[in-house]
Amino acid sequence: MAANFDIGPRYESLVRELVHSGRYSSASEVMRDGLRLLEQQEELRKLDLDRLKTAYDEGMASGIGRDVSADTLLAELKAEAHAGG
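Description of the structure in this document. Think of each chain on its own: its residues are numbered from 1, step by step along the sequence as written. Owing to the predicted nature of the model, reporting of local features is limited to residues with pLDDT of at least 70; listing and counting of side-chain atom pairs is limited to 80 or more, with chain, interface and lining totals taken over all residues. Values reported for side chains reflect all heavy atoms of the structure, with hydrogen atoms and water molecules removed beforehand.

1. Focus: the layout of surface pockets
And then number 1: Space inside and on the surface of the protein is sampled on a 1 Å grid over the protein atoms alone, with a cavity defined as a set of points where a 1.4 Å probe fits but cannot get out and a pocket as an open set with protein on both sides within 12 Å along at least 5 of 7 lines; lining residues have an atom within 4 Å of a point. Grid points are joined across faces, edges and corners, and a volume is the space filled by probe spheres set on the points. By volume, the largest pocket is sized at about 350 Å³.
And then number 2: Along its surface, the largest pocket is lined by M1, A2, A3, F5, I7, E12, V15, A27, S28, M31, R32 and L35.
And then number 3: Think of it this way: any DSSP run of H or I at least four residues long counts as a helix, any run of E at least two long counts as a strand, and we number them from the N terminus. Where the lining of the largest pocket is concerned, the elements lending two or more residues are helix 1 (8–20) and helix 2 (27–61).
And then number 4: With five residues, helix 2 is the single largest residue contributor to the lining of the largest pocket.
And then number 5: Note on residue categories: nonpolar means Ala, Val, Leu, Ile, Met, Phe, Trp, Tyr, Cys or Pro, charged means Asp, Glu, Lys or Arg, and polar means any other residue, Gly included. Of the residues in the lining of the largest pocket, the class split is nine nonpolar, one polar and two charged.
And then number 6: Computed from the structure, the second largest pocket encloses a volume of approximately 300 Å³.
And then number 7: Along its surface, the second largest pocket is lined by I7, Y11, L14, V15, L18, Y24, V30, M31, D33, G34, L35 and L37.
And then number 8: Going through the elements one at a time, helix 1 and helix 2 are the ones with two or more residues in the lining of the second largest pocket.
And then number 9: Counting residues per element, the lining of the second largest pocket draws most heavily on helix 2, which supplies six residues.

2. Quick word on the environment of N4
And then number 1: Note on placement: N4 falls in the segment before helix 1.
And then number 2: Considered as a pair, N4 and Q40 are 36 residues apart in the sequence and their alpha carbons are 23 Å apart.

3. Section: the packing of helix 2 against helix 3 (residues 70–83)
And then number 1: For helices, the axis comes from a line fit to the C-alpha atoms of the stretch in contact; other axes are also lines fit to C-alpha atoms, and the angle between any two N-to-C directions lies between 0 and 180 degrees. Across the interface, helix 2 lies against helix 3 with an axial gap of 10 Å and an inter-helix angle of 115°. Two packed elements cross with a definite hand, and for helix 2 against helix 3 that hand is right-handed. Residues L49, L52, K53, Y56 and D57 of helix 2 form the contact with helix 3, whose own contacting residues are A70, D71, L73 and L74.
And then number 2: Partitioning the contact of helix 2 with helix 3 into residue classes produces six nonpolar, no polar and three charged. Crossing handedness: left-handed means the near helix sits turned counterclockwise from the far one by under a right angle, and right-handed means the same turn made clockwise. Whether two residues are in contact is decided by their heavy atoms: any pair within 4.5 Å suffices.

4. A look at the packing of helix 1 against helix 2
And then number 1: At a minimum axis separation of 9 Å, helix 1 and helix 2 run at an interaxial angle of 110°. Here helix 1 is positioned roughly perpendicular relative to helix 2, judged by the angle of their axes. By crossing handedness, the relation of helix 1 to helix 2 is classed as right-handed. Of helix 2, the residues touching helix 1 (which contributes V15, L18 and V19) are A27, V30 and M31.
And then number 2: Each residue belonging to the contact of helix 1 with helix 2 can be placed in one class, and the counts come to six nonpolar, no polar and no charged. Relative orientations are named as follows: roughly parallel for angles under 35 degrees, roughly antiparallel for angles over 145 degrees, roughly perpendicular for angles from 65 to 115 degrees, and oblique for any other angle.

Shown next as structure tokens:
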């Protein structure tokens, strides 16, 4: 199953450079390796989020803190981060 994607000149150049250097044998190999790294990063992000939610739940169970769900708190924190404060 072949697929075509526009990755832009910057990444096209990087892919060509990596293949030309001999580190990879093909552009497909470069893309697969990059996608594996992205997949690992996403898995780590999910683990971090799960740990944060667990810590939040433990904190709420301690009886100290606001009465707000973990999802609501995370949404508030994301909004604050995007607002710069």
